[in-house]
Amino acid sequence: MIAVALDKTADDARPWIEAAHPTYPVLIDTRHVMADLYNVVNVPTILWIDERGRIVRPNDVAFGADTFKHITGLEASRHLGALRAWVQGERPALTADEVRKHQPLPTAADQQARAEFGLGQWLWSRGGLDAAERHFVRGGELAPHDFTIRRGTMPMRNMDPMGPKFREMLQAWVGGGQPYYRPLPDTSGLASGLAS
Amino acid sequence: MSTFTVIDGERAVEVEARIEGERVLLDPSAVKDALGWEYHDGQLCSDMMCIPIDDAAGLLRDGAIELGGLARALDRPLALDVAERAACLGASARERAEALASQIAPDFTLPDLDGTPHALSSYRGKKILLVAWASW
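Residues numbered from 1 in each chain as written. Chains lettered and ligands numbered in written order. Predicted model: local features only at pLDDT ≥ 70, side-chain atom pairs only at ≥ 80, totals over all residues.

**Q** I'd like to hear about the overall build of chain A, residue by residue, with values.
**A** In terms of regular secondary structure, chain A is built from 9 helices and 4 strands. Mapped from its N terminus to its C terminus, chain A presents α and β elements in the order β-α-β-α-β-β-α-α-α-α-α-α-α. Whereas a compact globule of 196 residues would reach a radius of gyration of roughly 16 Å, chain A reaches 17 Å, a difference of no more than 12%. Dimensions of chain A, computed from the C-alpha atoms along their principal axes, are close to 55 × 40 × 35 Å. Looking at the 196 residues of chain A, the share that counts as buried comes to 39%. In chain A, the proportion of contacts linking residues at least 24 apart, taken out of those at least 6 apart, comes to 49%. (Helix = DSSP H or I, 4+ residues; strand = E, 2+ residues; numbered from the N terminus. Rg over C-alpha atoms; globule rule 2.2 N^0.38 Å. Buried ≥ 20, exposed ≤ 12 C-beta atoms within 10 Å, placed from the backbone. Contact = placed C-beta atoms within 7 Å.)

The structure is reproduced here in structure tokens:
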């Protein structure tokens, strides 16, 4: 496993990392380099890469435990079972056709949003909070589904990412009929962790 | 002319620039040295490739290279802050989409908590569960 923290500083991620005592690499991605390469729009996002370096399960949502199942509606066993079976060689991952079908691809607007984030983050890192704010807001307007921007920049805007502004944003988003999390659909062809 | 910062991928480079309204005019030799692109004979060339330029007027102005025109010619998004004298040249959607469509996991190098860099490609040969997460 390789974990990538999309946090504004290593110090934000540190307490979580130290509590986990990980035996695997945990990397700090303050500029959202990995998010840009993989078109990650929220956390947690998981993907599987095989021994040859190929994506065999594209962007999916999975939690390690059911702590937040009552909020997310997602059962940890769904992914954990499939993961275990894949790692142990009992069940294949997705076919190339399935990966292609489910791989989200970025649009020009998505990439413009990421450029705004990149500029905002650079400005923020140099103390230009007001200037950064403009670009974070612009990024969120360009890619309203990209919560690595809309929520992920809140700590750089002196907003609590778990607080009322986030809840307001989430309410408006979900109220507009959009999902906050986009897990892969559970079909038998996707090596689901559910009973098969 | 005074300096302007262009963030190109993971590098931030300072270039000499003249600003006219929302237009950022860069010295062509600065564009070549800092960003790796040179314009001549209707083409914009890097070490690796040349792009034909149909609209030279959109790219060049009084012998200077206009940053917005350069971004458009490269099909890359540009986030611009004239007041802060800074811009971020992002990754092209087409390039990112083509890479993901190939299903080959894009490589990256990022530091751990100790600052030690780790390249994804250095873990080739094992199955990898890649997890993006955050404290938010």
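**Q** Let's hear about the overall build of chain B: which residues, and what values?
**A** Along chain B, the regular secondary structure elements total 4 helices and 13 strands. For 136 residues, the compact-globule formula gives about 14 Å, and the C-alpha radius of gyration of chain B, at 18 Å, lies well above that figure. For chain B, the C-alpha atoms occupy an extent of roughly 55 × 30 × 25 Å along the three principal directions. Excluding contacts between residues fewer than 6 apart, the proportion of contacts in chain B whose partners are at least 24 apart in sequence is 27%.

**Q** Before we move on, can you summarise the domain arrangement of chain A with the specific residues and values?
**A** Residues and elements named next belong to chain A. Once the domains are mapped, chain A shows domain 1 (3-105) and domain 2 (108-175). A separation of 22 Å is found between the C-alpha centroids of domain 1 and domain 2. Between domain 1 and domain 2, the contact holds 12 residues from the first and 11 residues from the second. (Domains from an automatic or database assignment.)

**Q** Which residues make up the nonpolar core, and what values do they have?
**A** The tendency in soluble globular proteins is for nonpolar side chains to be buried side by side. Val4, Ala5, Met34 and Ile49 of chain A together with Ala132 of chain B are the most contacted members of the largest nonpolar core, which totals 39 residues. Those elements that provide at least two residues to this core are strand E1 (2-5), strand E2 (26-28), helix H2 (33-38), strand E3 (45-49), strand E4 (55-60) and helix H4 (76-87) of chain A together with strand E13 (128-133) of chain B. Leaving out residues up to four positions away in the same chain, Ala132 of chain B has contacts with Val4, Leu6, Met34, Ala35, Val40, Val43, Pro44 and Thr45 of chain A. (Core = buried A, V, L, I, M, F, W, Y, C linked by C-beta atoms within 7 Å.)

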